[in-house]
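Fold and geometry: a report
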Amino acid sequence: MVENKHWDVVVVGAGPGGYAAAFRASDLGKKVLLIDRDKALGGVCLNRGCIPSKALLHISKVIDDANHLSSVGVVFDAPNIDLEKIRSYKNKIITQLNTGIAQLAKARKVEFLCGAASFLSNNQLLVKDKKISFENCIIASGSTSSMIPNLPDHPSILTSRTALNLDCIPGSLLVIGGGVIGLELGQVYSALGSKVSVVEFMSELIPGADTDITKPLVRKLKKQFESIMLSSKVVKVEALDNGELKVFIENKKETNTYVFERVLVAVGRKPNTDLLNIENTDVKIDENGFISVDVYQRTSVKNIYAIGDIVGNPMLAHKATHEGKVAAEVVSGLSSAMDARAIPSVVYTDPEIAWVGLTENEAQEQGIKYELGEFPWAASGKAMILNASQGKTKILFDPETKHVLGGGVVGPSAGDIISEIALALEMGSDAEDISLTVHPHPTLGETVASAAEMFEGTITDLFIPKKKKKND
Ligand code: NAI
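1. Some details on the side chain of Ser 380
Along the polypeptide, Ser 380 turns up in the loop between β20 (371-376) and α10 (381-385). Taking the relative accessible area as the measure of exposure, Ser 380 reaches 5% and is therefore buried. Sequence-distant contacts of Ser 380, defined by excluding residues within four places in its chain, comprise Phe 375, Leu 444 and Thr 447.

2. Observations regarding the layout of surface pockets
Approximately 600 Å³ is the volume attributed to the second largest pocket. If you trace the second largest pocket, you find 31 residues lining it, with Leu 57, Lys 61, Thr 349, Asp 350 and Glu 352 closest to the centre. Among the elements that take part in the lining of the second largest pocket, helix α3 (residues 50-69) stands out by supplying 12 residues, more than any other. By residue class, the composition of the lining of the second largest pocket is 11 nonpolar, 12 polar and 8 charged.

3. Describing the site of the ligand
Contacts to the ligand come from 22 residues, most closely from Ile 181, Glu 184, Glu 200, Gly 268 and Val 346. Between Glu 184 and the ligand, the recorded distance is 3.0 Å, taken from a side-chain N or O atom to a nitrogen atom. A distance of 2.9 Å separates an oxygen atom of the ligand from a polar atom in the backbone of Gly 268. Alone, the ligand offers 840 Å² of accessible surface; in the complex the protein occludes 78% of this. Of the residues contributing to the shell around the ligand, the split by class is 14 nonpolar, 4 polar and 4 charged. Lining the shell around the ligand are residues from two domains, each supplying at least three of them: domain 1 (6-145 + 270-331) and domain 2 (157-267).

4. Section: the sheet that holds strand β19 (residues 353-357)
Taking strand neighbours across the sheet as the criterion, the 5 strands line up as β18-β19-β22-β21-β20 in an open arrangement whose pairing is antiparallel. Looking at strand neighbours, the two that pair on one side only are β18 (345-347) and β20, the edges of this open sheet. Mean inter-strand twist for the sheet, computed between neighbouring axes without regard to direction, equals 10°. Across 6 bridges, the pairing between strand β21 (residues 392-397) and strand β22 (residues 404-410) is antiparallel. When the bridges of β22 are listed, Leu 396 appears paired with Gly 406. Taken strand by strand, helix α11 (residues 414-426) contacts β18, β19, β21 and β22, and its axis lies near 175° from that of β22.

5. Let's talk about a nonpolar patch on the surface
Taken together, the side chains of Leu 69, Val 72, Val 74 and Phe 76 define a hydrophobic patch exposed on the protein surface, amounting to about 340 Å² of accessible area. Here Val 74 is to be found in the loop between α3 and α4 (83-108).

6. Things to note about the packing of helix α1 (residues 16-27) against helix α8 (residues 317-331)
In the contact formed by α1 and α8, the axes pass within 7 Å of each other and the chain directions differ by 30°. Judged on the interaxial angle alone, α8 and α1 are roughly parallel. Read as a crossing pair, α1 and α8 show a hand that is right-handed. Along its contact with α1, which presents Pro 16, Gly 17, Ala 20, Ala 21, Arg 24 and Ala 25, the element α8 presents Ala 317, Ala 320, Thr 321, Gly 324, Lys 325, Ala 328 and Glu 329. Within the contact of α1 with α8, the residues separate by chemical class into 7 nonpolar, 3 polar and 3 charged.

7. As for the nonpolar core
Grouped together as the largest cluster of nonpolar side chains are 33 residues, with contacts concentrated most on Leu 166, Leu 173, Leu 183, Leu 205, Ile 206, Leu 264 and Ile 353. Elements that contribute at least two residues to this core include exactly α3, α4, β9 (172-176), α6 (180-192), β10 (195-199), α7 (211-224) and β19. Counting residues per element, this core draws most heavily on α6, which supplies 6 residues. Beyond its immediate stretch of four places on either side in the chain, Ile 206 contacts Gly 178, Gly 179, Val 180, Leu 183, Thr 214, Val 347, Ile 353 and Trp 355. Ranked by size, the runner-up nonpolar core spans 27 residues in total, among them Phe 375, Ala 414, Leu 425 and Leu 444.

8. A closer look at the pattern of salt bridges
A complete count under the given rule lists 15 salt bridges for this structure. In this structure, Arg 24 engages Glu 329 in a salt bridge whose closest nitrogen and oxygen atoms are separated by 2.6 Å. With Arg 24 in helix α1 and Glu 329 in helix α8, this residue pair connects regions lying 305 residues apart in the sequence. Residue Glu 323 pairs with Lys 319 through a salt bridge whose shortest N-O separation is 3.5 Å.

9. A look at the domain arrangement of the protein chain
Split into domains, the protein chain comes out as domain 1 (6-145 + 270-331), domain 2 (157-267) and domain 3 (345-456). A straight line from the C-alpha centre of domain 1 to that of domain 2 covers 27 Å. With both sides pooled, the region where domain 1 packs onto domain 2 buries about 1,400 Å², and carbon together with sulfur makes up 66% of that total. Considering only the surface of domain 1 that becomes buried against domain 2, Arg 48, Leu 56 and Leu 83 emerge as the three largest contributors, covering 34% of it.

About the thresholds
Residues numbered from 1 in each chain as written. Predicted model: local features only at pLDDT ≥ 70, side-chain atom pairs only at ≥ 80, totals over all residues. Heavy atoms only, no water. Helix = DSSP H or I, 4+ residues; strand = E, 2+ residues; numbered from the N terminus. Buried < 20%, exposed > 50% of the residue type's maximum accessible area, 1.4 Å probe, protein only. Contact = heavy atoms within 4.5 Å. 1 Å grid on protein atoms, 1.4 Å probe; cavity = no way out; pocket = protein on both sides within 12 Å on 5 of 7 lines; lining within 4 Å. Points joined across faces, edges and corners; volume = space filled by probe spheres on them. Nonpolar A, V, L, I, M, F, W, Y, C, P; charged D, E, K, R; others polar. Near = heavy atom within 4 Å. Polar contact = N/O pair within 3.5 Å; in protein donor to acceptor, adjacent residues only side chain to side chain. Areas by Shrake-Rupley, 256 points an atom, 1.4 Å probe, with all protein chains shown as cover. Domains from an automatic or database assignment. Pairing = 2+ DSSP bridges. Axes fitted to C-alpha atoms, helices over the stretch in contact; angles between N-to-C directions. Patch = residues over 30% accessible without salt bridge, like charges linked within 9 Å, V, L, I, M, F, W, Y side chains within 5 Å. Salt bridge = Lys/Arg side-chain N within 4 Å of Asp/Glu carboxyl O. Parallel < 35°, antiparallel > 145°, perpendicular 65-115°, else oblique. Left-handed = near helix turned anticlockwise from the far one by under 90°. Core = buried A, V, L, I, M, F, W, Y, C linked by side-chain atoms within 4.5 Å. Buried area = accessible area lost by both parts, 1.4 Å probe.

Structural data, given as structure tokens:
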């Protein structure tokens, strides 16, 4: 075994959380080692998740927009899909970003070591034959796709990782799990020509988001997909001799069988704790395998921190990045803490959906009082131009203080628009702060101001009849 240098900070995992932590710690003067079992930096998000899926979703959105244009007098031929070129477009973006991160590491003198890291103690890690000693460690080792039990090990059963390789466009695809990954990749494959079906365990798609926000997406998916089976689960999958898969799907009444060319499993993700030999440390994990941390991202061991998917939901890159910076700053002696008021969620489907802070579902479940400012995009000129009149922007306000509690958006660029509501929430803004901010016209962003005006009763783009007083 080779004894390696001693490091101020060792970061395990080079995803958006890990590299942010490493770079921030280095910028604050620490000697930093970044370790990943993959030699390409950027983690799942960049190499096998957010970035490649959004590159493919961009293509499917353009195909859909081109279809729409035929109804306004601009008719394109049916798309000619060249999978090889699509793959290289996607891979080029990944490589460009990988290279960029490697350059940023080099510029900061953050050293990178490729290999799987496992703990030897509260102060040492093992990577291949190298023993690494550290003052502080930040665990950012992410998550892996969960599988459902009793699935055969078969090349036609895909995870988000293999589905993004885009090896072929199957004639038929069953997506198990109507959550974020299932619907995003389902739309990609549908746009490229697959007949897509979805089976979801719960009674609605994207459980957790408010139904008024998911409604325009569900309406579209009902047209786009072969079938959407809700309150249903896959109980068995059998591989057929011709390479196809026979799938047994159970709903409340019966079990039906279907045959698909490919099956994509998108039923959530599990933390990568099992790879770390965490039992060689005093770090506590919970019953689901997540590492428990405090607001300083510190585990039960004072010099070991954890960030990102490995500490629990929401498993989102931007949450990991934020936590990574907090951990690096705490390690470096700054008085930072994870005190973000809210983490925005975005589903990059067409239409996009996004929400931040309190949802109506949560408010009702928890008995929290709120009032709504809702602006239907049917009254937005920009939305009309973009064929997005079904969109909507809504903000939940505290009825007493008029402060923003949360918000939701559905429509193109919802994921961009939600940032303004997140900022308002983080800054403790009230309805007037938003409505009196001059928004450019015509934009989708101005629907945020319009939602605040709806709440305040100052809207002029719509007519809201005054409530009649009793003696009128
Ligand atoms: P998810 O939790 O969003 O959705 C999984 C869905 O599968 C749920 O609706 C669940 O009810 C359903 N399900 C579970 N077991 C089932 C079964 N046996 N049969 C049928 N349905 C079943 O998880 P997903 O989509 O796999 O994503 C994993 C994580 O990755 C999420 O935490 C998500 O936040 C993150 N992610 C975020 C993205 C984004 O920000 N746009 C994109 C992709 C992933």
